[in-house]
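# Chains, contacts and geometry: an overview
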Amino acid sequence: MGEALIHNTIWFILLFPLLGVLINGFFGYRLGKRVVGVVGPAAVGLAFLAACGMFIGVVQSHHAVVSTLYSWITVGDFDVSLALRADPLSSLMALVVSGVGFLIHVYSVGYMAEDERFTRFFTQLNLFAFSMLLLVLGNNFLVMFVGWELVGLCSYLLIGFWFERDAPADAGKKAFLVTRIGDFGFALGVMLIFTTFRTLDFEQVFERAPELLPVGSTIATAITLLLFMGAVGKSAQIPLYVWLPDAMEGPTPVSALIHAATMVTAGVYMVARTHVLFELAPLSMSVVAWIGVVTAFFAASMALVQNDLKRILAYSTISQLGYMFVGVGVGAYAAGIFHLTTHAFFKALLFLGAGSVMHALSGELNIQKMGGLKDKIRWTYWTFLVGALALSGFPFFSGFFSKDEILWKAYENAGLWLWLVGIVTAFMTAFYSFRAVFVPFWGQSRLDKKIAHHVHESPQVMIVPLVILAVLAFLGGYMGLPHFLGGSAVEGFLSPVFAAEEGAHVAEAGAHAAGVGLEVTFMGISVVVALAGIGLAYFMYVARPTVPVALAKGLGPLYTLLFNKYYVDELYMAVVVNPLKGLAGWLARVFDARGIDGLVNGIAAFFGWSGQTTRKVQTGSVRSYALSILLGVVVLVGYFVLR
Amino acid sequence: MNQLGFPLLSLIIFLPLCGAVVTLFLRKEAVIKWWALIVTVANFFLSLPLYFYFQSGTAEMQFVERIPWMLSLGVSYHLGIDGISLFLVLLTTFLIPVAVLSSWTYITEKVKEYMILMLLMETSMVGVFAALDLILFYVFWEATLIPMYFLIGIWGGERRIYAAVKFFLYTLAGSALMLVAIFVLYFMNAQATGRPTFDLLELQKFSVPLAAQTWLFLAFALGFAIKVPLFPFHTWLPDAHVEAPTAGSVILAGVLLKMGAYGFIRFCLPLFPAAFAYFVPLMSILAIIGIIYGSLVAFSQSDVKSLVAYSSVAHLGFVVLGIFALNAQGLSGGILQMVNHGLSTGALFLLVGMLYERRHTRLIDEFGGLWKQLPLFGIFLLIVTLSSIGLPGLNGFIGEFTILVGTFQANWIYAALAATGIVLGAWYMLTMLRRVMHGPLDKPANRQLQDLSAREIVVLVPVVIFIFLIGLFPNLFFGKMESSVDTLLSQTRATISMGEPNP
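Everything quoted here is computed from the prediction, not taken from an experiment.

To continue, consider the overall build of chain A. Looking only at helices and strands, chain A features 25 helices and two strands. Considered along the principal axes of its C-alpha atoms, chain A spans approximately 120 × 65 × 55 Å. The buried share among the 643 residues of chain A stands at 59%. Pairs at least 24 apart in sequence give 82% of the contacts found in chain A among residues at least 6 apart. Accessible surface, chain A: about 24,600 Å² in total, of which carbon and sulfur atoms supply 70%. When the 37 positive and 36 negative side-chain charges of chain A are each reduced to one mean point, those points stand 15 Å apart.

What follows covers the overall build of chain B. Counting its regular elements, chain B contains 21 helices and two strands. A compact globule built from 503 residues should have a C-alpha radius of gyration of about 23 Å, and chain B, at 22 Å, falls within 12% of that. Summarising its shape, the C-alpha atoms of chain B cover approximately 75 × 55 × 40 Å along the three principal directions. Buried residues in chain B amount to 68% of all 503 residues. A separation threshold of at least 6 residues defines the contact pool for chain B, and within that pool the share at least 24 residues apart is 81%. Counting only carbon and sulfur atoms, one obtains 69% of the accessible surface of chain B, whose full area is about 16,000 Å². Once the 26 positive and 25 negative side-chain charges of chain B are each reduced to a mean point, those two points are 6 Å apart.

Take the interface of chain B and chain A next. Listed per partner, the contact involves 57 residues of chain B and 53 residues of chain A. Summing both partners gives a buried area of about 4,700 Å² for chain B against chain A, and 70% of it is carried by carbon and sulfur. It is Phe401(B), Phe408(B) and Arg434(B) that lose the most area in chain B upon contact with chain A, and together they represent 13% of the buried surface on that side. The salt bridge involving Lys372(B) is made with Glu116(A); its shortest N-O contact spans 3.2 Å. A class-by-class count of the residues in the side of chain B that touches chain A yields 38 nonpolar, 15 polar and four charged.

Residue and element names in this part refer to chain A. On average, residues of chain A carry a pLDDT of 90, and 98% of them reach 70 or more. Here helix α20 (residues 489-508) stands out as the element of chain A with the lowest mean pLDDT, 72, in contrast to helix α10 (residues 266-273), whose mean of 96 is the highest. A low-confidence stretch, residues 507-512 stays under pLDDT 50, and its non-local contacts, those more than four residues away or across chains, total five contacts.

We now examine the environment of Ala190(B). All names here are of chain B. In this structure, Ala190 sits in helix α7 (residues 160-193). Taking the C-alpha atoms as reference points, Ala190 and Ile292, 102 residues apart in sequence, are found 44 Å from one another. In contact with Ala190, not counting residues within four places along its chain, are Arg195 and Pro196.

In this approach the atoms are scanned with a rolling probe the size of a water molecule, which exposes any empty space left behind. Volume-wise, the second largest pocket comes out at about 880 Å³. Lining the second largest pocket are 24 residues; nearest its centre among them are Leu177(A), Val178(A), Ile181(A), Val577(A) and Trp427(B). The set of elements that each furnish at least two residues to the lining of the second largest pocket consists of α5 (166-197) and α24 (568-615) of chain A together with α19 (412-437) of chain B. If you tally residues by element for the lining of the second largest pocket, the top one is α5(A), at nine residues. Tallied by class, residues from the lining of the second largest pocket come to 17 nonpolar, one polar and six charged.

Phe141(A), Leu142(A), Leu277(A), Phe264(B), Ile323(B) and Phe401(B) are the most contacted members of the largest nonpolar core, which has 412 residues in total. The next biggest cluster of nonpolar side chains, apart from the first, holds 18 residues, and it includes Ile406(A), Tyr411(A), Leu418(A) and Trp419(A).

This next bit is on the packing of aromatic side chains. The description of two aromatic rings rests on the distance between their centres and on the angle between their planes. Taken as a whole and assessed by the stated rule, the structure comprises 81 aromatic pairs over all chains. With centroids separated by 5.9 Å and ring planes inclined at 45°, the aromatic side chains of Phe431(A) and Tyr541(A) adopt a geometry described as tilted. Placement of Phe431(A) in helix α17 (residues 416-441) and of Tyr541(A) in helix α21 (residues 515-543) is noted, with a sequence separation of 110 residues between them. Side by side, Phe431(A) and Tyr541(A) carry an identical accessibility label, which is buried. For the cation-ring pair, Arg117(A) lies above Phe161(A), with the distance from its terminal atom to the ring centre recorded as 5.6 Å. Directly above the ring of Trp141(B) sits Lys227(B), whose terminal nitrogen or CZ lies 4.9 Å from the centroid.

This part covers a nonpolar patch on the surface. Taken together, the side chains of Phe12(A), Leu15(A), Leu18(A), Leu19(A), Leu22(A), Ile23(A), Phe26(A), Phe27(A), Leu31(A) and Val35(A) present a nonpolar region at the surface, about 820 Å² in accessible area. Relative to the elements of secondary structure, Leu22(A) occurs in helix α1 (residues 2-60).

According to the stated counting rule, one finds 28 salt bridges over all chains in the structure shown. Note that Glu164(A) and Arg117(A) form a salt bridge whose closest N and O atoms lie 3.0 Å from each other. Of the two residues, Glu164(A) sits in the loop between α4 (141-159) and α5 while Arg117(A) sits in the loop between α2 (88-111) and α3 (118-137), which places them 47 residues apart along the sequence. On the accessibility criterion, Arg117(A) (10% relative accessible area) is buried. For the salt bridge of Arg434(B) with Asp170(A), the shortest nitrogen-to-oxygen distance reads 2.6 Å. Residue Arg434(B) is located in helix α19, and its partner Asp170(A) is located in helix α5; the two belong to separate chains. With a relative accessible area of 11%, Arg434(B) lands in the buried category. Residue classification places Asp170(A) among the partly exposed residues on the basis of a relative accessible area of 39%. Connected through salt bridges with shared partners, the residues Lys174(A), Asp246(A), Glu249(A), Arg311(A) and Asp569(A) form a single ionic network.

Rules used throughout
Residues numbered from 1 in each chain as written. Chains lettered and ligands numbered in written order. Predicted model: local features only at pLDDT ≥ 70, side-chain atom pairs only at ≥ 80, totals over all residues. Heavy atoms only, no water. Helix = DSSP H or I, 4+ residues; strand = E, 2+ residues; numbered from the N terminus. Buried < 20%, exposed > 50% of the residue type's maximum accessible area, 1.4 Å probe, protein only. Contact = heavy atoms within 4.5 Å. Areas by Shrake-Rupley, 256 points an atom, 1.4 Å probe, with all protein chains shown as cover. Lys, Arg positive; Asp, Glu negative; His and termini not counted. Charge placed at Lys NZ, Arg CZ, Asp CG, Glu CD. Rg over C-alpha atoms; globule rule 2.2 N^0.38 Å. Buried area = accessible area lost by both parts, 1.4 Å probe. Salt bridge = Lys/Arg side-chain N within 4 Å of Asp/Glu carboxyl O. Nonpolar A, V, L, I, M, F, W, Y, C, P; charged D, E, K, R; others polar. pLDDT = per-residue confidence, 0-100. 1 Å grid on protein atoms, 1.4 Å probe; cavity = no way out; pocket = protein on both sides within 12 Å on 5 of 7 lines; lining within 4 Å. Points joined across faces, edges and corners; volume = space filled by probe spheres on them. Core = buried A, V, L, I, M, F, W, Y, C linked by side-chain atoms within 4.5 Å. Phe/Tyr/Trp six-rings, centres within 6.5 Å; stacked < 30°, edge-to-face > 60°. Lys NZ or Arg CZ within 6 Å of the ring centre and 35° of its normal. Patch = residues over 30% accessible without salt bridge, like charges linked within 9 Å, V, L, I, M, F, W, Y side chains within 5 Å.

Have a look at this one:
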């Protein structure tokens with residue numbers, strides 16, 4: 001009976017947002033803001049209800065269910081259907097995407113109320129919801145790739161939503177192009193999968209992979225590294241993370257939904273989804289885990305010194321995505337997905353909170369120009385605080401459980417080093433999270449007089465989503481309790497997808513598996529580190545506000561390096577973009593215009609010249625003709641005589 | 001053989017010619033325009049039965065007509081289409097009315113002559129795709145040059161004479177060798193079989209000696225490579241495009257370039273299969289250079305139209321790469337990508353033309369922030385751009401991806417190199433979009449611009465419908481090609497693997 005429920009609901013998850021796009025896209029301007037503001041959130045809300053239906057169906061049925069709409073591309077044996085897949089992983093993702101998506105849509109009704117392109121905003125936001133749901137529900141690599149590319153398009157459009165200004169327009173373009181470099185790898189990976197397995201269907205690929213490819217084989221490594229290249233682009237990991245900080249030029253709900261809660265997690269989802277292939281390539285797994293942890297570390301270090309509230313959160317997102325890759329990279333897929341889920345709650349909350357601050361301060365984002373806001377916008381402050389506690393891994397908040405699960409598994413499956421970098425990053429995380437709480441919300445007001453005059457709390461339609469997300473950011477962690485506290489509901493639910501492989505890792509790492517005592521000790525260390533980070537932030541920004549300035553001076557070069565984000569953008573410009581532009585210019589102006597076309601025109605000119613030259617022989621003068629005849633006769637006679 | 005019992009192909013070919021003759025006697029410009037539009041639209045509807053009555057399960061030529069023409073020489077009036085030519089005929093009959101309607105206000109002088117040339121253009125192009133006799137093919141092939149020469153030379157921009165002469169001479173030079181090769185083939189076949197014929201289907205049965213295949217392939221290939229145009233034979237294209245009137249560019253990019261790629265499939269592959277296989281590396285590498293080089297040069301253009309022209313070099317590189325992958329995905333993808341390129345690049349030229357009509361410039365630096373002033377135009381430009389850079393859900397993705405899947409199986413390095421075109425394509429197109437449509441609307445002249453008129457929307461909407469249709473339901477197209485492609489490939493493979501040594 002679960003199967004029937006799935007077939008009855010799964011297509012509606014996509015249909016509702018699509019209808020939202022069509023209704024608002026074609027008729028939005030005639031319907032007016034009021035109707036658009038109902039249709040947009042309702043489309044995603046209904047998709048959430050459908051996703052709940054599918055979730056129940058998945059719980060009831062004990063195997064994955066595939067629903068095929070039609071045969072999309074058939075060329076020779078390349079045969080791809082438009083098909084969706086319902087299993088624990090896809091249903092959990094669908095719930096997160098549509099649930100958090102719905103809350104952000106509701107929030108946007110308030111946040112975007114004054115914008116002249118209100119309709120356009122909701123059309124594109126619904127298109128995003130549709131695309132993201134397609135990505136997580138697709139049953140083969142190509143349908144996943146369609147969703148993958150379409151979310152990229154929505155990201156491009158929504159980052160550049162205020163396209164009249166140069167910065168958003170450039171940021172949107174940058175996001176699309178940088179992620180497309182990753183997609184280049186992803187597309188090649190899909191081609192290699194087809195060439196190897198003659199199918200792109202998840203089930204068939206995963207079934208045949210262990211038979212066809214031995215563990216550690218070159219093809220398995222190549223496939224997974226190429227796929228991971230896509231993830232590095234989309235999930236903003238080193239070296240392709242540079243687009244995400246700039247993406248903050250988009251409206252804040254977009255940053256919350258796309259560039260924190262959902263789209264950027266697509267890479268993590270993809271690795272989890274294709275984990276059967278990654279299991280066959282231990283090298284790729286190590287690459288995933290190490291890129292993850294290094295990104296987590298560097299992004300967190302950049303977040304330490306940013307002054308733009310949204311950019312702090314952006315670097316934090318990059319860093320947290322790094323943690324998720326550590327999780328899936330060490331084979332703890334359920335832990336990775338668990339952190340993805342809790343992160344969706346608390347990071348969406350933090351971004352929407354930042355949006356609420358902007359709303360209160362007429363768009364101000366520089367935390368150095370804020371201060372003392374906690375009594376003026378209380379709801380925003382308290383919900384933001386919950387988000388920051390969850391992010392910094394404060395005990396009993398959601399981030400505490402999910403991050404700790406990853407760190408523990410990293411130690412258990414891969415050893416001390418990965419854990420050590422992770423725990424140092426956790427310290428920085430706690431510090432920058434509370435820097436983002438103390439500097440804007442505590443202390444003296446440093447606001448502009450004009451702005452300070454009309455600081456106001458956001459309307460209900462924005463506050464209610466904040467409160468719901470705050471509740472989720474607190475309670476979300478109890479879905480994934482550690483083993484000694486009763487075990488993880490998320491892990492149990494996802495076990496049909498991951499169980500076999502995760503079990504293998506535990507067995508392999510048997511030597512490390514050191515029992516409850518060690519796990520509790522590690523958890524204790526995490527708690528201490530989180531509290532220390534928060535404490536240091538309190539010391540520097542509340543107790544001794546002069547310290548940061550002194551520190552910035554004292555550590556001059558390091559501070560400058562961090563503040564300028566290690567000069568990576570500048571490096572890419574100098575090493576990649578500008579040389580390519582130079583080459584393009586040279587090819588166009590010199591090689592093509594003068595070289596190739598010069599040759600073509602040269603050939604034409606040669607025939608023109610030879611015609612002009614030989615024409616001069618035809619003088620029309622009879623005497624010169626007679627002279628040439630005479631000369632010819634002399635030469636010929638001479639030849640025959642002297643022969 | 002002919003499932004309709006009715007010479008439909010002849011009707012489609014000669015209806016525009018008859019329409020052109022009638023146009024001679026019309027006086028009023030408005031009447032001439034409407035007449036040309038009615039004739040071309042009618043011709044499009046006439047060509048639709050080609051799709052609906054086309055039988056998918058067979059690789060035989062369909063809608064065949066065959067009348068002896070010059071009997072003693074073995075020339076016949078032989079027409080027919082298969083799954084390879086079907087969509088090129090339909091693309092032609094579809095794009096011509098679009099081009100006519102797009103010229104409504106753009107062409108103000110010599111309207112009668114213009115419309116006559118457009119109609120002649122249609123006759124000769126459909127003829128190229130339907131001819132199954134080499135002489136008939138050659139006649140139509142060369143006949144396409146004349147109307148286009150005048151379209152560029154009379155209604156073109158400032159350097160129109162230079163561009164028109166260059167276009168004419170360059171492509172004529174290419175096809176001159178092809179004519180020689182046709183005769184060589186004819187005499188070789190006549191000597192070997194004793195039955196002199198120019199009939200393509202007869203000649204396909206004759207296996208050309210290997211030594212000769214190489215030279216004949218090269219002679220045909222040069223003509224086709226110039227037409228495509230394949231790097232390094234492409235420099236006539238930007239000149240022709242930049243100077244041509246909008247409709248001329250639409251037809252040039254939409255249909256004329258396809259004649260070259262079509263020639264490779266229709267003639268080079270079945271007639272000289274061994275040579276075809278032998279030249280796969282050379283042609284593939286030229287195609288890949290075309291993709292990367294075309295994209296880079298496109299990026300540096302300051303004129304939108306010449307940017308689109310160079311993007312054609314890149315896109316046609318994909319088509320040729322697919323054809324020379326010599327497998328089902330590559331070849332079918334290549335054929336579909338011809339149609340896709342006709343639609344998306346055709347639409348890009350239409351949009352650039354609409355911009356030029358308003359602003360009388362095509363320099364990218366003269367624009368900026370236009371979306372605010374022209375939102376409707378912006379939506380169309382966005383959709384067409386996305387189609388051109390291969391966004392899934394739209395047509396370009398289907399073609400590019402199937403081509404790459406085919407290429408990957410033949411040679412993964414080629415596929416990896418060509419796939420950089422996906423990134424580069426997005427780079428130059430989105431940069432163009434950024435500079436033209438986004439940013440502040442800071443040039444006073446751009447603040448006066450009017451958004452699209454109803455007529456312009458009518459021009460664009462059908463193209464956009466097909467962009468979505470192919471993207472969402474490509475099997476409507478692949479299904480019709482399947483038998484022809486499979487049969488062509490299996491015949492080729494059989495001939496190549498007959499144990500013949502490499503030429």
